[in-house]
Amino acid sequence: FMGRTVVPSGHRATKPPTWLDPDTLPAFNAFESQLPELLRDMSLDNHADDWYRWMRSKEPEAALPSACNAANKKFSPFQHLLITQTFRPDRVPHAMEQTVTKLLKLPTAQPPVLSLA
């Protein structure tokens, strides 16, 4: 969703979370440089254990860590997709399907079975 965002040359990256997968470090740096307010609202440092569990969960797209809800931060479905894309890119297709079905109030994003009978 963020494309091939380039981190500005003058950007001073913060230390990434210890639980961050090294493969996602470039995406994290782009996320941090382009969406610093969203990153701050995620409270990664204050709730590292929650984020670690979320990173290791089988379906992280289902819900953000409970700490996000406790902080009274309302993340939009698109923000949730950006977070998933940054930290768990392997789950983006599932997150997109879940977002589409939720926003469009559809039982599934799959097309109906075509019957040739």
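You'll find the structure just up there.
This is a predicted model, so every value here is computed, not measured. (Residues numbered from 1 in each chain as written. Predicted model: local features only at pLDDT ≥ 70, side-chain atom pairs only at ≥ 80, totals over all residues. Heavy atoms only, no water.)

J.: What is the right way to look at the overall build of the protein in this model?
T.: From N to C terminus, the protein includes six helices and zero strands. Going residue by residue from the N terminus, the α and β elements of the protein occur as α-α-α-α-α-α. Looking at the protein residue by residue over its 117 residues, the buried ones come to 33%. Taking contacts inside the protein between residues at least 6 apart in sequence as the whole, the part at least 24 apart equals 55%. (Helix = DSSP H or I, 4+ residues; strand = E, 2+ residues; numbered from the N terminus. Buried < 20%, exposed > 50% of the residue type's maximum accessible area, 1.4 Å probe, protein only. Contact = heavy atoms within 4.5 Å.)

J.: Before we go on, may I ask you to explain helix α1 (residues 25-34) in this structure?
T.: Because an α-helix packs 3.6 residues into every turn, residues spaced three or four apart end up facing the same way. Of the residues making up α1, those classed as buried are F28, N29, A30, F31, E32 and S33. Of the surrounding secondary structure, the elements contacted by the buried residues of α1 are α2 (36-41) and α5 (77-87).

J.: Just checking my understanding: could you explain α5 for this structure?
T.: Listed in full, the buried residues belonging to α5 are H80, L81, L82, I83, T84, T86 and F87. Here the buried face of α5 lies against α1, α2, α3 (48-56) and α6 (92-103).

J.: In this structure, what is going on with the packing of α1 against α5? I would like to understand it.
T.: The packing of two helices is summarised by the inter-axis angle and the distance between the axes. Across the interface, α1 lies against α5 with an axial gap of 8 Å and an inter-helix angle of 145°. Here A27, F28 and F31 of α1 lie close against α5, whose contacting residues are L82, I83, T86 and F87. When grouped by side-chain class, the residues that make up the contact of α1 with α5 number six nonpolar, one polar and no charged. (Axes fitted to C-alpha atoms, helices over the stretch in contact; angles between N-to-C directions. Nonpolar A, V, L, I, M, F, W, Y, C, P; charged D, E, K, R; others polar.)

J.: Sorry, what's going on with the packing of α5 against α6 here?
T.: Packing of α5 against α6 brings their axes to within 9 Å, and their N-to-C directions diverge by 170°. Here α5 lies roughly antiparallel to α6, going by the angle between them. Contacts between α5 and α6 involve P77, L81, T84 and Q85 from the former and V92, A95, M96, T99 and L103 from the latter. A breakdown of the residues in the contact of α5 with α6 according to their chemical character gives six nonpolar, three polar and no charged. (Parallel < 35°, antiparallel > 145°, perpendicular 65-115°, else oblique.)

J.: Hey, could you run me through the environment of M96 in this one?
T.: Tracing the chain through its elements places M96 in helix α6. The spatial distance from the C-alpha of M96 to the C-alpha of E61 is 8.7 Å, given a sequence separation of 35 residues.

J.: Help me understand the nonpolar core in this model?
T.: One broad rule of soluble globular proteins: the nonpolar side chains tend to lie buried together. The biggest cluster of nonpolar side chains holds 17 residues, and the ones touching the most others in it are M42, L44, W51, I83 and F87. Elements represented by at least two residues in this core include exactly α1, α2, α3 and α5. Once you skip the residues sitting within four places of it in the chain, F87 turns out to touch W19, L20, T24, F28, M42, L44, W54 and M55. (Core = buried A, V, L, I, M, F, W, Y, C linked by side-chain atoms within 4.5 Å.)

J.: Could you clarify how one ought to interpret a nonpolar patch on the surface in this entry?
T.: Together, V100, L103, L104 and L106 give the surface a local cluster of nonpolar side chains, amounting to about 360 Å² of exposed area. Along the chain, L106 falls in the segment after α6. (Patch = residues over 30% accessible without salt bridge, like charges linked within 9 Å, V, L, I, M, F, W, Y side chains within 5 Å. Areas by Shrake-Rupley, 256 points an atom, 1.4 Å probe, with all protein chains shown as cover. Salt bridge = Lys/Arg side-chain N within 4 Å of Asp/Glu carboxyl O.)

J.: I tried to follow the pattern of salt bridges on my own but got confused; where do I start?
T.: Following the criterion strictly, the structure yields three salt bridges and no others. The partner of E61 in a salt bridge is R91, and the shortest N-O contact between them spans 2.6 Å. Here R91 lies in the loop between α5 and α6 and E61 lies in the loop between α3 and α4 (66-70), a separation of 30 residues in the sequence. Note on accessibility: E61 and R91 belong to one class, buried. Residue D90 pairs with R88 through a salt bridge whose shortest N-O separation is 2.9 Å. We classify R88 as buried; its relative accessible area is 11%.

As far as function goes, none of this settles anything; it's purely spatial.
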